[in-house]
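Here's the letter readout for the chains.
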Amino acid sequence: MATTGRFIVFEGGEGSGKSTQAKLLAQAIDADLTREPGGTKLAEEIRGLLLHADVLDLSPRAELLLMVAARAQHVAERITPTLSAGRHVVCDRFSGSTLAYQGYGRGLPLEDVVVACEIATEGVVPDLNILLDLSPELAAIRRTAVPDRIEAAGTDFHARVADGFRAIAAADPSRWAVVDGNGSVDEVSARVQKVVTRYLGVEW
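Residues numbered from 1 in each chain as written. Predicted model: local features only at pLDDT ≥ 70, side-chain atom pairs only at ≥ 80, totals over all residues. Heavy atoms only, no water.

### What to know about the pattern of salt bridges
Counted under the stated rule, the structure contains 13 salt bridges. A salt bridge links D30 to R87, with the shortest nitrogen-to-oxygen separation between them at 3.4 Å. In this pair, D30 sits in the loop between α1 (18–29) and β2 (32–35) while R87 sits in the loop between α3 (60–84) and β3 (89–92), placing the two residues 57 residues apart along the sequence. For D30, a relative accessible area of 55% translates into the label exposed. Among the salt bridges present, the one from E63 reaches R149, with a minimum N-O distance of 2.5 Å. On the criterion of sequence distance, the pair formed by E63 in helix α3 and R149 in the loop between α6 (136–142) and α7 (155–171) is long-range, its members being 86 residues apart. For the pair shown, E63 and R149 are each scored as buried. (Salt bridge = Lys/Arg side-chain N within 4 Å of Asp/Glu carboxyl O. Helix = DSSP H or I, 4+ residues; strand = E, 2+ residues; numbered from the N terminus. Buried < 20%, exposed > 50% of the residue type's maximum accessible area, 1.4 Å probe, protein only.)

In structure tokens:
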């Protein structure tokens, strides 16, 4: 038995099905299910600021720093203790999203975003990032009727984010798996199960 749990992260654009698939996987392997930004009381408060549709004048760098502040608390208070106790953690978004959204999407220098993430995570790296890749047409249908601040950022922004995710995954195939997010919930879940078993040996 491993002395620490495995850390599995779901990544992808808006409407990709991350939250649903993260919940299903966490239930299947008895993992702690959490999300970003969020996962702790303080981080959930920051999430409210980041996603509130009325917060229109937030600069990209302020957005980045709020994201990693939430992550620093999340890692220290929840992720690291849970993994150290030997339990798996399944998280809806992590540093990959910060690179894709604040780096590729907002146009901040990638090296700055990487450094900010490294400060926040203190060396915590997912064992596996699962990128749910979805057609833009289906993603648009799945998005909420009342978009939050980031969902409402525009088509060009979300296209840059999608391209960013693909570039990030291609650069680190040992820790990233791209899963087709098109199809039914059960079809996508079956693909996720195969990937988790292949990469980590965690079986149902």
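### A closer look at helix α4 (residues 95–105)
Along α4, 10 of the 11 residues are buried, which leaves the element largely enclosed by surrounding structure. The complete set of buried residues in α4 reads S95, G96, S97, T98, L99, A100, Y101, Q102, G103 and G105. For α4, the elements touching its buried residues are β1 (7–11), α3, α5 (110–121), α7 and β5 (176–180). The first or second residue beyond α4 is G107, which carries a positive phi of 85°. (Contact = heavy atoms within 4.5 Å.)

### Let's talk about the environment of L110
Among the structural elements, L110 can be located in helix α5. Owing to a relative accessible area of 32%, L110 belongs among the partly exposed residues under this scheme. If we ignore the near neighbours within four places in the chain, the residues touching L110 are L99, G103 and Y104.

### Some details on unusual backbone geometry
Glycine aside, negative phi is the norm for most residues, and most peptide bonds take the trans geometry. Cis geometry is adopted by the peptide bond preceding P37, which originates at E36 and carries an omega value of -15°. Tracing the sequence through the fold places P37 in the loop between β2 and α2 (41–51). Phi is positive for R93, which is not a glycine, with a value near 85°. For R93, a relative accessible area of 11% corresponds to the buried category.

### Some words on the packing of α3 against α4
Interhelical geometry of α3 versus α4 gives an angle of 175° and a closest axis separation of 11 Å. Relative to α4, the element α3 lies roughly antiparallel. For the pair formed by α3 and α4, the contact residues are E63, L64, M67 and R71 on the first element and S95, T98 and Q102 on the second. (Axes fitted to C-alpha atoms, helices over the stretch in contact; angles between N-to-C directions. Parallel < 35°, antiparallel > 145°, perpendicular 65-115°, else oblique.)

### A look at the layout of surface pockets
Take a probe with the size of a water molecule and roll it over the atoms, and the empty space left behind shows itself. Of the pockets and cavities examined, the largest pocket occupies roughly 570 Å³. Of all the secondary-structure elements, those providing two or more residues to the lining of the largest pocket are α1, β2, α2, α3 and α4. At four residues, α4 tops the list of elements feeding residues into the lining of the largest pocket. The residue inventory of the lining of the largest pocket, partitioned by class, reads seven nonpolar, 11 polar and 12 charged. (1 Å grid on protein atoms, 1.4 Å probe; cavity = no way out; pocket = protein on both sides within 12 Å on 5 of 7 lines; lining within 4 Å. Points joined across faces, edges and corners; volume = space filled by probe spheres on them. Nonpolar A, V, L, I, M, F, W, Y, C, P; charged D, E, K, R; others polar.)

### Considering α3
Along its 25 residues, α3 runs 34 Å from first to last C-alpha, staying within 8% of the 36 Å computed at 1.5 Å per residue. By the burial criterion, the buried members of α3 are E63, L64, M67, V68, A70, R71, H74, V75, I79, T82 and L83. Tucked inside the fold, the buried residues of α3 contact β1, β2, α2, β3, α4 and α5. G86 occupies a position one or two residues after α3 and carries a positive phi of about 95°. (Expected span 1.5 Å × (residues − 1).)

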